[in-house]
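Chain by chain, the residues:
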Amino acid sequence: LNTHFFWYDSADEEPTSQSDHSEIQGTLKTLASKLDDLSTCNDLIAKHGAALQRSLSELETLRVPLEGGEKIKAVNERATLFRITSNAMINACRDFLDLAESHSRRWQRVLQHEREQRTHLEETIEQLAKQHNSLERAWREAPAHAVNTSVMRHDVLIPWKEEASDEDEDTEYFDAMEDSPAFITVTATDPSQHSDWNQEDNVSLQPHRKRRTQIPEKPNYSLNLWSIMKNCIGKELSKIPMPVNFNEPLSMLQRLTEDLEYHELLDKAARCENSLEQMCLVAAFSVSSYSTTVHRTAKPFNPLLGETYELDRLEEFGYRSLCEQVSHHPPAAAHHVMSQRGWTLWQEITIASKFRGKYLSIMPLGAIHLQFHASGNHYVWRKVTSTVHNIIVGKLWIDQVELLTLLHFYDYQYFVKYSKPRNVTGVVKDSDGQAHYILSGTWDDKMESAKIVQSSRGSSSSEGKQKTVYQTLTPKLLWKKYPLPENAENMYYFSSLALTLNEEEEGVCWTDSRLRPDQQLMEAGRWDEANVEKQRLEEKQRATRRRREAEANCSPGASFIKRAYGYRPLWFHQRTDEMTGETIYVYKGGYWEAKERQEWSMCPDIF
């Protein structure tokens, strides 16, 4: 199956006057001139000060009354202090000018970018005006093909620059993209093709078992974040000892399981006979997993090595999910889901996190695999980087940036006046490059698809590159975010699914996240006790690791894996993935059979 997506955001910005650049240069020239004057004065002070001190020293050698000698000595000391102070002043002035010059270089880059963007936007507007005239002519010649001539304008992408280095984080600016994908959509109405292929046989969302709908409200604990984070800049987040005050009462394994909140999209996709329609639903599913993050700025618990989490929804929704923490440094989790409704999903995710002072970057590494049983269609994509802004000051907010295998996400442009946050737009093409669907929406709300009925490709000319014009049917809803439960703002903004993840479940393995004591205490609002318990569990894990490594090193007959890593997961094993060539952990079976027998003796004691 060879299909393609192209995604980008819409953005405009205001041009900056050329006079700003001249003003900056003039200011720096004036500062340099004043510094030269100060340097001249400093040289004169040093010259005359040295002469004065020599004269005072000569006076001290003369025979003068005792009182006069003491006064001369005092004057000599004051002259010395005066010279030191004047040298310090000129050094401070020189440092100020160096700082001004470094900022000037940044300002010049920003101004240069603004000029380039103004020119680029002028060219784009000119192209759009020409295309508008072409559309009007086409409408006059064939009005039956374009009953509704409303135009959706997709401007040139202006993405955020690649993440700055640790040494130069403040020099953030934008790069122009000359060849960014852009197109124009014209919606045509056609009653004969108005059926909604994705609205078939809606699966009941009501579970057979009554699930809980609320948890204890989040306590109002105050804590000085900066006092903890100031010594952690540039470090891996997983290596920073963090109190539960910054957590939510769920583990990372449970957060992975939340990807299944809109599993019904995959149920519908499994029933699709058309692979392109199936691709639209898979794309909507991949976007839907980010909808739970928009308000969820708290950190999930780092799972202990060997920790597991199961979600058995076989009776209600036809699937079973299992996660296991298979590595601690780096932290990695393996996930496997099997659905009786025609699909299997598996993934291994390694979380790399960096605190950058102003924001926190969370970088999931690893591929997500999805295979449909009937068709054998196999999809692979990767999660994007999440960025939590305003870590120190202001209201926390989260954004999704960078690139997936199937989707292109770009972050919100905070210096762009008309940038639309969380926007996702794209084109679904077949293996021959022919476009069939337009996808549009936002990752925190909904996704729609519109079937393309006609397209006209632009051509390059001296007037600039023309954008493709797509004529589509009315968009159909693929996915819509469920409303949050009542009082969600006081329950960590958990979704209806998240509220059920910690509820009691009979027969789960004793390594299951819902049995983790510090997490249970936190959910109950007993945060002080939770912090003590969290420290105990982490120290227990460190002691277990030291003992395991010592035993592995002392055992000549130990396996290679034991000698190299000192640990082997219970429910997953490493295999080379045929699709990506990567070595990943995949489910080897046995968990659900062990649960049926209630045989957990092989499981580690981690809590």
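Keep in mind that what you see is a predicted model, and the values were worked out from it rather than measured. Each chain carries its own residue numbering, running from 1 in the written order of its sequence. For a predicted model such as this one, the threshold for reporting local features is a pLDDT of at least 70, and the threshold for listing and counting side-chain atom pairs is 80 or more; totals across whole chains, interfaces and linings nevertheless cover every residue. Remark: hydrogens and water are excluded; side-chain values derive from all non-hydrogen atoms of the structure.

Visitor: Would you explain the overall build of the protein chain in this entry?
Guide: Within the protein chain, the secondary structure is distributed over 12 helices and 20 strands. Relative accessible area decides the class of each residue, using a 1.4 Å probe on protein chains only: under 20% of the type maximum gives buried, over 50% gives exposed, and in between gives partly exposed. Each of the 607 residues in the protein chain was classed as buried or not, and the buried ones make up 46%. When checking whether two residues touch, look at their non-hydrogen atoms; a contact exists if any pair is within 4.5 Å. Partitioning the contacts of the protein chain with sequence separation of at least 6, the portion at a separation of at least 24 is 66%. Exposure was quantified through the Shrake-Rupley algorithm and a 1.4 Å probe, taking into account, for residues, occlusion by the shown protein chains and nothing else. Here the protein chain displays about 31600 Å² of accessible surface, and carbon together with sulfur accounts for 52% of that area. Segments assigned H or I by DSSP are reported as helices when at least four residues long, segments assigned E as strands when at least two residues long, and all are numbered from the N terminus.

Visitor: Could you clarify how one ought to interpret helix α6 (residues 275-288) in this entry?
Guide: Residues lying three or four places apart along an α-helix face the same way, a consequence of the helix completing one turn every 3.6 residues. Expected span of a helix: the number of residues minus one, times 1.5 Å. Over its 14 residues, α6 extends 20 Å from the first C-alpha to the last, a length consistent with the 20 Å expected when each residue adds 1.5 Å. In terms of burial, α6 is a largely internal element, 13 of the 14 residues being buried. For α6, the N-terminal capping position is held by Asn-274, with its side-chain oxygen 2.7 Å away from the main-chain nitrogen of Leu-276. Think of a polar contact as two N or O atoms within 3.5 Å of one another; within protein, one of them needs to be a possible hydrogen donor and the other a possible acceptor, and neighboring residues in sequence only count if both atoms come from side chains.

Visitor: Just to check I follow, could you spell out the pairing of strand β17 (residues 468-472) for this structure?
Guide: Across a regular strand the side chains alternate sides, sitting on one face of the sheet and then on the other. Extensive coverage of β17 is indicated by the burial of five of its five residues. On β17, burial covers both faces: Thr-468, Tyr-470 and Thr-472 on one face and Val-469 and Gln-471 on the other are all buried. Any two strands are treated as partners once DSSP identifies two or more bridges connecting them. Direction of pairing for strand β16 (residues 446-456) relative to β17: antiparallel, over a ladder of four bridges. Its bridge partner being in β17, Ser-455 is matched across the sheet by Tyr-470.

Visitor: Please clarify how the packing of aromatic side chains should be interpreted in this entry.
Guide: For any pair of aromatic rings, the description rests on two quantities: the centre-to-centre distance and the angle between the ring planes. Stacked, tilted and edge-to-face pairs are distinguished by plane angle, under 30 degrees for stacked and over 60 for edge-to-face with tilted covering the rest, among Phe, Tyr and Trp rings (Trp via its six-membered ring) whose centres lie within 6.5 Å. With the rule as written, the count across this model stands at 10 aromatic pairs. Relative to Tyr-379, the ring of Phe-372 has its centre 5.8 Å away and its plane inclined at 90°; by these criteria the two rings are edge-to-face. A relative accessible area of 2% places Phe-372 in the buried class. Judged by relative accessible area, which is 3%, Tyr-379 ranks as buried. Chaining the aromatic ring pairs together yields one cluster made of Trp-571, Tyr-591, Trp-592 and Trp-600. Looking at Lys-383, its charged tip hangs above the ring of Tyr-290, at a distance of 5.8 Å from the centre. Two conditions define a charge located above a ring, namely a distance within 6 Å from the ring centre to NZ of Lys or CZ of Arg, and an angle within 35 degrees of the ring normal.

Visitor: Please explain the state of the cysteines as it appears in this structure.
Guide: Simply put, the disulfide is a covalent bond whose two ends are the sulfur atoms of two cysteines. Counting rule for disulfides: a pair of cysteine sulfur atoms within 2.5 Å. For the structure on display, the rule yields zero disulfides. Cys-272 provides the cysteine sulfur closest to Cys-280, a residue in no disulfide bond, and the two sulfurs are 8.7 Å apart. Here Cys-280 falls in the buried class, since its relative accessible area comes to 0%. Summary of cysteine pairing: Cys-603 is not part of a disulfide, and the nearest cysteine sulfur, belonging to Cys-509, is at 3.4 Å.

Visitor: I'm lost on unusual backbone geometry in this one. Help?
Guide: Glycine aside, residues mostly have negative phi, and peptide bonds are mostly found in the trans state. Cis geometry is adopted by the peptide bond preceding Pro-330, which originates at His-329 and carries an omega value of 0°. Residue Gln-598 is not a glycine yet carries a positive backbone phi of 55°. The exposure class of Gln-598 is partly exposed, given its relative accessible area of 44%.

Visitor: Teacher, can you tell me more about the nonpolar core here?
Guide: Across soluble globular proteins, you tend to see nonpolar side chains buried next to one another. Each nonpolar core is a collection of buried residues, namely Ala, Val, Leu, Ile, Met, Phe, Trp, Tyr and Cys, held together in the definition by side-chain atoms within 4.5 Å. Trp-343, Leu-345 and Leu-370 are the most contacted members of the largest nonpolar core, which has 58 residues in total. Among the elements that line this core, the one with the most residues is α6, at nine residues. Leave out the neighbours within four places in its chain, and Leu-345 touches Leu-266, Phe-285, His-335, His-336, Val-337, Ile-368, His-369 and Leu-370. Counting 14 residues, the second largest nonpolar core, distinct from the first, contains Leu-322, Val-326, Ala-594 and Trp-600.

Visitor: Looking at this structure, I do not really get the packing of helix α5 (residues 264-271) against α6. What am I missing?
Guide: Angle between the axes and distance between the axes: these two values describe a pair of packed helices. It is at 9 Å that the axes of α5 and α6 come closest, and there the two elements cross at 170°. Between α5 and α6, the interaxial angle falls into the category roughly antiparallel. Note on packing geometry: the crossing formed by α5 with α6 is left-handed. Residues Leu-265, Leu-266, Lys-268, Ala-269 and Ala-270 of α5 touch α6, and the partners they reach there are Gln-278, Leu-281, Ala-284, Phe-285 and Ser-288. Taken together, the residues of the contact of α5 with α6 break down into seven nonpolar, two polar and one charged. Between N-to-C directions, angles cover 0 to 180 degrees, with each direction set by a line fitted to C-alpha atoms, over the stretch in contact for helices. Any angle between 65 and 115 degrees counts as roughly perpendicular, while under 35 counts as roughly parallel, over 145 as roughly antiparallel, and the rest as oblique. A clockwise turn of the near helix away from the far one marks a right-handed crossing, whereas an anticlockwise turn of less than a right angle marks a left-handed crossing. Charged residues are taken to be Asp, Glu, Lys and Arg, nonpolar residues to be Ala, Val, Leu, Ile, Met, Phe, Trp, Tyr, Cys and Pro, and polar residues to be all remaining types, Gly included.

Visitor: Which parts of the structure should I look at to understand the pattern of salt bridges?
Guide: Where charged atoms of side chains with opposite charge meet at close range, the side chains can pair. Any Lys or Arg side-chain nitrogen located within 4 Å of an Asp or Glu carboxyl oxygen qualifies as a salt bridge. As enumerated under the stated definition, the model contains 26 salt bridges in all. Taking the shortest distance from any N to any O, the salt bridge between Glu-505 and Arg-209 comes out at 3.1 Å. On the criterion of sequence distance, the pair formed by Glu-505 in the loop between α8 (496-500) and α9 (517-523) and Arg-209 in the loop between β2 (183-187) and α3 (225-229) is long-range, its members being 296 residues apart. Here Lys-595 ties to Glu-310 by a salt bridge, and the two come within 2.7 Å at their closest N and O atoms. Here the residue Lys-595 occupies a position in helix α12 (residues 591-597), and Glu-310 occupies one in strand β5 (residues 308-313), the gap between them amounting to 285 residues. A relative accessible area of 14% places Lys-595 in the buried class. You can call Glu-310 buried: its relative accessible area is 0%. The network of salt bridges with shared partners includes Arg-209, Arg-211, Glu-316, Glu-503 and Glu-505.

Visitor: Just checking my understanding: could you explain the pairing of strand β3 (residues 247-251) for this structure?
Guide: Counted residue by residue, β3 has five buried out of five residues, so it is predominantly covered. Because side chains alternate across β3, one face comprises the buried residues Asn-247, Pro-249 and Ser-251, and the other comprises Glu-248 and Leu-250, equally buried. For β3 and strand β4 (residues 299-301), the ladder comprises two bridges, and the chain directions are parallel. Within β4, the position partnered with Ser-251 by the bridge is Phe-301.

Visitor: Could you clarify how one ought to interpret the environment of Glu-529 in this entry?
Guide: Residue position: Glu-529 is located in helix α10 (residues 527-554). Taking relative accessible area as the criterion, Glu-529 reaches 40% and is therefore assigned partly exposed. Considered as a pair, Glu-529 and Val-244 are 285 residues apart in the sequence and their alpha carbons are 10.0 Å apart. A distance of 2.8 Å separates polar atoms of two side chains, one belonging to Glu-529 and the other to Arg-526.

Visitor: Got a minute to help me understand the side chain of Ser-286 in this structure?
Guide: Turning to its location among the elements, Ser-286 is positioned in helix α6. Here Ala-283 takes part through its backbone oxygen, which lies 2.7 Å from a polar atom of the side chain of Ser-286.

Visitor: Teacher, can you tell me more about α5 here?
Guide: In terms of burial, α5 is a largely internal element, six of the eight residues being buried. Every buried residue of α5 is listed here: Glu-264, Leu-265, Leu-266, Asp-267, Lys-268 and Ala-269.

Visitor: I'm lost on the side chain of Ser-495 in this one. Help?
Guide: Among the structural elements, Ser-495 can be located in the loop between β18 (476-480) and α8. Contacts of Ser-495, omitting those with residues within four sequence positions, involve Glu-258, Glu-261, Arg-296, Leu-484 and Pro-485.

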